[in-house]
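Spelled out from the first residue to the last, the chains are:
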Amino acid sequence: MSIIKRVAVLGAAVALLASPVAAAMTAAADTPAAGAAASGGAAAGTAAVSVPPSPAEAAAAAKETAARLAARHIVDVPVSFTVRNTNGSKAGCRTSGATQRISGHLTAPASVWAGGKRAVTLYQHGIASGEWYWRLDVPGYHYAEELAVRGHASVTIDRLGYGASDRPDGFDTCIGAEADIAHQIVQQLRAGTYSLDGTPAEGPATAQGFDTVTLAGQSNGGQVAQIAAYSFGAVDGLMIMDWTDRGLTPEANTRFFTALQGCMAGGRPSRDPSDPSGYVYYDLGPDQFRRGNFHDTEQRVMDAAAPHQNRHPCGDMSSQLDSVFTDLEHLGSIRVPVLLVYGDEDARVTGGAAHQRLFTGAPTELVTVPGAGHYATMARSAASTFDRIDAWLDARGL
């Protein structure tokens, strides 16, 4: 895209941010409870508003998950990665350069250590979620568990600024930095230089290297993954879930620009009042979070997910739009196999087939999940989606 067109689009975005409608919406943008009231509550025909599990219920669900994994001979161990908050990607944006810690888990069948070729997939979550997206304590919907049952190793993380990972000032990182960090983690997975922060009941007690690494991302984690792939290479496969550069819906754009205006006002602390600032909620409360992400989803799944709604770093958001233009320039340079997964009732993303056509240099496969929303792997059809992902990984030796 020419610099003139890019400036024109950015100018239109600034005009939208300055509009009275956007300003009025921003007033409620960082108060989830108030946002739910402002959105008018649940619409007719939708599921009831989620009731979060109590701390005791959440602890019991986590204990049940651990027992189920152990019974299935699945290794599930905390891991961490020491990285630099730098940006050597093709998506230019500012960072602090500081050393940071990224936390996550390695989840794999114990048999993966028995010998032969070792393969792993590194997963990047979206802007409104966290590592929990891949590790929901609901039987049949714990993504990493379900892939392990099917024979695959997964590394799931909280990206920089999220969950258990370091949370710097929200303006000190960006989409390009998230891609750079993903690449650093890929390198550590290959070399076995990451840290095991626990001792698995089965498998080695020290970090092991992997011969094959696939990079996957959901929602704007898909953008992070594809930026890392065309900027650094070094991956053997790429999975894009629920992300398109040119197919964001009016609902998604409304959320995006409202939250962006909150960032232009300085944002809020990441979680607690004493935390670093520069963070903002994407959704105006739990009802919008539920409406925007789920379709044909069991109530127990939405109940389990609702408490995890979080603020995200403003630097990720403020760099995302310009990074779209960079994507359009470079997606054709990707040469590894690409799997694209979309729910056909996604309220935030459309045009999966059009996005697929941007990967002109790669073998691609498109999976459309009937009845699924933006969180496609949390729809009632999750098991069949896991099967499709399993088949794609197996067919390519990933």
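Up top is the structure these notes are about.
Fair warning: this is a prediction, and the values are worked out from it, not measured in the lab. (Residues numbered from 1 in each chain as written. Predicted model: local features only at pLDDT ≥ 70, side-chain atom pairs only at ≥ 80, totals over all residues. Heavy atoms only, no water.)

Visitor: For this particular structure, what's the right way to read the sheet that holds strand S2 (residues 99-109)?
Guide: Paired through their backbone hydrogen bonds, the strands of a sheet run either parallel or antiparallel. A sheet is described by the order of its strands in space; here nine strands give the open sequence S5-S1-S2-S4-S3-S6-S7-S10-S11, paired in mixed fashion. In this open sheet, the two edge strands, each paired with only one partner strand, are strand S5 (195-196) and strand S11 (364-369). With eleven bridges connecting them, strand S1 (residues 74-84) and S2 associate as antiparallel partners. Along S2, the bridge assignment pairs Arg84 with Thr99. Contacts between helix H6 (residues 175-191) and the sheet are confined to S1, S2, strand S3 (119-124), strand S4 (153-157) and strand S6 (212-218), with S1 contributing the most and set at about 125° to the helix. (Pairing = 2+ DSSP bridges. Helix = DSSP H or I, 4+ residues; strand = E, 2+ residues; numbered from the N terminus. Contact = heavy atoms within 4.5 Å. Axes fitted to C-alpha atoms, helices over the stretch in contact; angles between N-to-C directions.)

Visitor: What should I look at first to understand the nonpolar core in this one?
Guide: If you look at soluble globular proteins, the nonpolar side chains tend to sit buried side by side. Judged by nonpolar contacts, the single largest core of 51 residues is most densely connected at Phe81, Leu189, Leu238 and Ile334. Take this core: its biggest share by element is seven residues, from H6. The residues touching Leu189, leaving out its near neighbours within four places in the chain, are Phe81, Val120, Leu122, Val155, Tyr194, Gln208, Gly209, Phe210 and Val213. (Core = buried A, V, L, I, M, F, W, Y, C linked by side-chain atoms within 4.5 Å. Buried < 20%, exposed > 50% of the residue type's maximum accessible area, 1.4 Å probe, protein only.)

Visitor: What should I look at first to understand the state of the cysteines in this one?
Guide: Such a bond, covalent and formed between the sulfur atoms of two cysteines, is termed a disulfide. Summed over all chains, the structure comprises two disulfides. The disulfide that involves Cys93 links it to Cys174, with 2.1 Å between the sulfurs. Classification of the bridge connecting Cys93 and Cys174 rests on its S-S torsion, roughly 70°, and on that basis the disulfide is right-handed. Residue Cys93 is found in the loop between S1 and S2, and its partner Cys174 is found in the loop between S4 and H6; the two are separated by 81 residues along the sequence. For Cys93, a relative accessible area of 22% puts it in the partly exposed group. Across the disulfide from Cys263 sits Cys314; the S-S distance is 2.1 Å. The disulfide joining Cys263 to Cys314 has a torsion of about -85° about its S-S bond and is therefore left-handed. Here Cys263, found in helix H8 (residues 250-264), pairs with Cys314, found in helix H11 (residues 314-330); they are 51 residues apart in sequence, far enough to count as distant. Shown here for the protein chain is a disulfide pattern of 1-2, 3-4, where each number marks a bonded cysteine counted in sequence order. (Disulfide = S-S within 2.5 Å.)

Visitor: Sorry if this is basic, but what is going on with the pattern of salt bridges here?
Guide: Pairing is possible between side chains that carry opposite charge, provided their charged atoms lie close to one another. Applying the stated criterion to the full structure yields 22 salt bridges. The salt bridge involving Asp275 is made with Arg167; its shortest N-O contact spans 2.9 Å. With a gap of 108 residues between them, Asp275 in the loop between H8 and strand S8 (279-281) and Arg167 in the loop between S4 and H6 connect regions that are remote in the sequence. In this structure Asp275 comes out as buried when scored by relative accessible area, which is 17%. The partner of Arg348 in a salt bridge is Asp283, with the nearest N and O atoms 2.2 Å apart. (Salt bridge = Lys/Arg side-chain N within 4 Å of Asp/Glu carboxyl O.)

Visitor: Could you clarify how one ought to interpret the packing of aromatic side chains in this entry?
Guide: When we look at a pair of aromatic rings, we describe it by the centre distance and by the angle of the planes. Scanning the entire structure with this criterion turns up 14 aromatic pairs. Ring geometry for Tyr123 and Tyr143: centres 5.0 Å apart, planes at 70°, overall edge-to-face. On the criterion of sequence distance, the pair formed by Tyr123 in strand S3 and Tyr143 in helix H5 (residues 143-149) is long-range, its members being 20 residues apart. Aromatic pair Trp132 and Tyr133: ring centres 6.3 Å apart, planes at 65°, arrangement edge-to-face. Taking the relative accessible area as the measure of exposure, Tyr133 reaches 1% and is therefore buried. Among the aromatic residues, those joined into a ring-pair cluster are Tyr123, Trp132, Tyr133, Trp134, Tyr143, Phe289, Phe294, Tyr375 and Phe386. (Phe/Tyr/Trp six-rings, centres within 6.5 Å; stacked < 30°, edge-to-face > 60°.)

Visitor: Honestly, the packing of H6 against helix H7 (residues 220-232) in this entry has me stumped. Any pointers?
Guide: The description of two packed helices rests on the angle between their axes and on the distance between the axes. At a minimum axis separation of 8 Å, H6 and H7 run at an interaxial angle of 65°. Between H6 and H7, the interaxial angle falls into the category roughly perpendicular. Between H6 and H7 lies a crossing whose hand is right-handed. Contacts between H6 and H7 involve Ile175, Glu178, Ala179, Asp180, Ala182 and His183 on the former and, on the latter, Asn220, Gln223, Val224, Ile227, Ala228 and Phe232. Its residues assigned to classes, the contact of H6 with H7 shows seven nonpolar, three polar and two charged. (Parallel < 35°, antiparallel > 145°, perpendicular 65-115°, else oblique. Left-handed = near helix turned anticlockwise from the far one by under 90°. Nonpolar A, V, L, I, M, F, W, Y, C, P; charged D, E, K, R; others polar.)

Visitor: I keep staring at helix H4 (residues 55-71) and nothing clicks. Help me out?
Guide: Given 3.6 residues to a turn, an α-helix orients residues that are three or four positions apart in the same direction. The end-to-end C-alpha separation of H4 is 24 Å, in line with the 24 Å expected for 17 residues at 1.5 Å each. Three or more residues of H4 are buried, namely Ala61, Thr65, Arg68 and Leu69. Relative to the axis of H4, the buried residues are bounded by an arc of 100° and lie together on one face. Set apart from the buried face of H4 by more than 90 degrees, the exposed residues are Pro55, Ala56, Lys63 and Ala71. The secondary structure elements touched by the buried residues of H4 are S1 and H5. Two residues or fewer after H4 comes His73, characterised by a positive phi angle close to 55°. (Expected span 1.5 Å × (residues − 1). Arc of directions from axis to C-beta.)

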